[in-house]
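Reading the structure
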Amino acid sequence: MKYEGRPKIILVPYPAQGHLTPLFQLASSFHDYGLQPLVVLPDFIYDHVVSKTGAASLGLVFVSLPSGLGPDDSKDFFTIGYAMEHRMPSHFEDVLLTHGDEGQVVCVVVDLLTSWAIDVARRCGIPAAGFWPAMSATYHLIRAIPDLIRIGLVSENGTPLHKGRVRFLPGQPMLSPQDLPWLVGNPASRKSRFAFWLQTLHRSRSVKWLLVNSFPEGPAVAEDDDASTLHHHPLIFRVGPLTRQSKTSLTLWEEDRSCLEWLNERTCSSVIYVSFGSWVKPIGDEKIKQLALGLEATRRPFLWALAPVWRAGLPTGYLDRVKDRGMIIDWAPQKEVLAHEAVGCFLTHCGWNSTLEAIQAEKRLLCYPVSGDQFVNCRYIVKVWGIGEEVSGGTQHDVEEGVRRLMEGGGDMQRGVKELKERVMGEEASSRATSRLMAFLDVLHNRKVFV
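Okay, so let's go over this structure.

Each value, and the rule that gives it
Residues numbered from 1 in each chain as written. Predicted model: local features only at pLDDT ≥ 70, side-chain atom pairs only at ≥ 80, totals over all residues. Heavy atoms only, no water. Pairing = 2+ DSSP bridges. Helix = DSSP H or I, 4+ residues; strand = E, 2+ residues; numbered from the N terminus. Axes fitted to C-alpha atoms, helices over the stretch in contact; angles between N-to-C directions. Buried < 20%, exposed > 50% of the residue type's maximum accessible area, 1.4 Å probe, protein only. Lys, Arg positive; Asp, Glu negative; His and termini not counted. Salt bridge = Lys/Arg side-chain N within 4 Å of Asp/Glu carboxyl O. Expected span 1.5 Å × (residues − 1). Contact = heavy atoms within 4.5 Å. Phe/Tyr/Trp six-rings, centres within 6.5 Å; stacked < 30°, edge-to-face > 60°. Lys NZ or Arg CZ within 6 Å of the ring centre and 35° of its normal.

A short note on the sheet that holds strand S6 (residues 209-212)
With parallel pairing, 7 strands are arranged side by side in an open sheet as S3-S2-S1-S4-S5-S6-S7. The open sheet has two edge strands, strand S3 (61-65) and strand S7 (235-238), and neither has a second partner. Mean inter-strand twist for the sheet, computed between neighbouring axes without regard to direction, equals 25°. Taken together, the 4 bridges between strand S5 (residues 128-132) and S6 define a ladder with parallel strand orientation. The residue bridging Trp 132 from the neighbouring strand is Val 212, located in S6.

Written out as structure tokens, the structure reads:
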């Protein structure tokens, strides 16, 4: 498909790396199909992202929005939320009006966590599509909140009203009350996050299309729920996993590439790689201590991406004790690390990007979910796909035993992750995902959004 004059498509990500990465990959795909992507970023990360990504080579244009925030505010969910609701909308409206005058804007693609931008697009008369950067199972769980309240599984404040594991939605694995993605932090935080999702659901009712960075998540190869939304809003286009076609590795932190040389000196499938992602609150000094002692007790080589702010929990003298077989760095070039033959398993918080990268690299997963959608992802990894195990608790023994089970008896999991990769990232799966993206562009074209 070819479009004259590079019509513009504006993308609005949530400003966290786990959201930026897939949206940049989506924007790059739009450029490949003849559109000019403009990515709108809050000013507190704009300069950093522009200097890191090689935007020109990807055909992307970045636009900065004043937010009133500084770097120290950039990891607080509620501080960012206030800026998005009260400071950024008027500036975004100026962007839409300016580019609407200069050239045709065919659509605004909005990460659903930035739902404020949906209302701005509507006021400016520009069609809006939603973007869900995580697995579709979590989206359907969020979307089902009104039904969960109606049937008495959660209260109007999001508090679970049951004990034990429950199948919240047909076809999904059993979840415990604490697995629900809005149950993060103290009771006040949980209530506020639940209100955030209710507001997001209300705003997203006007979105006609939703692009999802996921794949058929059940065991059936031909499973496809897109058709079930043909007569309902939003029309879902499952275009993932976008990591399969990534041309760039976006990171907001400086990567320590010396770890790749360190891996070169280790034997095949011997190393435990440990990372809790880019935007996970510290799990606490005591859990860091237990995790460290568990890794030490395995007597296996390990590579641990652990930011300095988290290291207060390391036992006294730990770095000296493990220096011959353990390497601790600030931040790793994760895709390259996972692809390295020396890595035998990945101890992970189960963030969606990390999960996809592990599947792509055919690595087994030792799951240590912390918050949000990570618990749902963990249930699929362990119970549906059978490509990993969960650390049953946070003690030294739990970590040691989890590593032992995975490294010594994970043959079925290794075969499972290889088969899953072929099912969701192989040639046939990639062709289906590309067809869905093209179908979305065809919808815009047929509605004469652009010609």
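Notes on the side chain of Arg 193
Along the polypeptide, Arg 193 turns up in helix H9 (residues 187-204). Of the side chains with opposite charge, Asp 76 comes closest to the buried, unpaired Arg 193, at an N-O distance of 7.4 Å.

Quick look at helix H1 (residues 17-32)
Its 16 residues place the ends of H1 23 Å apart at the C-alpha level, agreeing with the 22 Å of an ideal helix rising 1.5 Å per residue. Counting buried positions over the 16 residues of H1 gives 14, a clear majority of the element. Where H1 ends, the next residue or the one after it, Gly 34, has phi of about 100°, a positive value.

With respect to helix H18 (residues 427-446)
With 20 residues, H18 should cover 28 Å at 1.5 Å per step; its first-to-last C-alpha distance of 28 Å lies within 8% of that length. All buried positions along H18 are accounted for by Ala 429, Ser 430, Ala 433, Arg 436, Leu 437, Met 438, Phe 440, Leu 441 and Leu 444. Packing partners of the buried residues in H18 comprise H1, strand S4 (105-111), S5, S6, S7 and helix H17 (411-425).

Quick notes on the packing of aromatic side chains
Across all of its chains, the model carries 19 aromatic pairs by this definition. Their ring planes at 45° and their centres at 6.3 Å tell us that Phe 30 and Phe 440 sit as a pair that is tilted. Of the two residues, Phe 30 is situated in helix H1 and Phe 440 in helix H18; the sequence distance between them amounts to 410 residues. By relative accessible area, which is 0% here, Phe 30 ends up buried. Judged by relative accessible area, Phe 440 falls into the buried class, the value being 0%. Relative to Trp 385, the ring of Phe 215 has its centre 5.7 Å away and its plane inclined at 40°; by these criteria the two rings are tilted. Here Phe 215, found in the loop between S6 and S7, pairs with Trp 385, found in the loop between helix H15 (374-384) and strand S13 (388-390); they are 170 residues apart in sequence, far enough to count as distant. Comparing Phe 215 with Trp 385 shows no difference in burial state: the two are buried. Grouped by ring-pair contacts, the aromatic residues Tyr 14, Phe 77, Phe 78, Trp 132, Tyr 139, Phe 196 and Trp 197 constitute a single cluster. We note Arg 193 situated over the ring of Phe 77; from NZ or CZ to the ring centre the distance is 4.3 Å.

Considering the pattern of salt bridges
All told, the structure shown has 21 salt bridges when counted by the stated rule. Residue Glu 336 pairs with Arg 257 through a salt bridge whose shortest N-O separation is 2.6 Å. One end of the pair, Glu 336, is in helix H13 (residues 334-339); the other, Arg 257, is in the loop between S7 and helix H10 (258-264), and 79 residues separate them in sequence. One salt bridge in this structure joins Arg 379 and Glu 390, with 2.9 Å as the shortest N-O distance. Residue Arg 379 is found in helix H15, and its partner Glu 390 is found in strand S13; the two are separated by 11 residues along the sequence. Of the residues examined, Arg 379 reaches a relative accessible area of 6% and is grouped as buried. On the basis of relative accessibility, which here comes to 27%, the residue Glu 390 falls in the partly exposed class. Each of Glu 85, Asp 119, Arg 122 and Arg 203 takes part in salt bridges that share partners, so that together they form one network.

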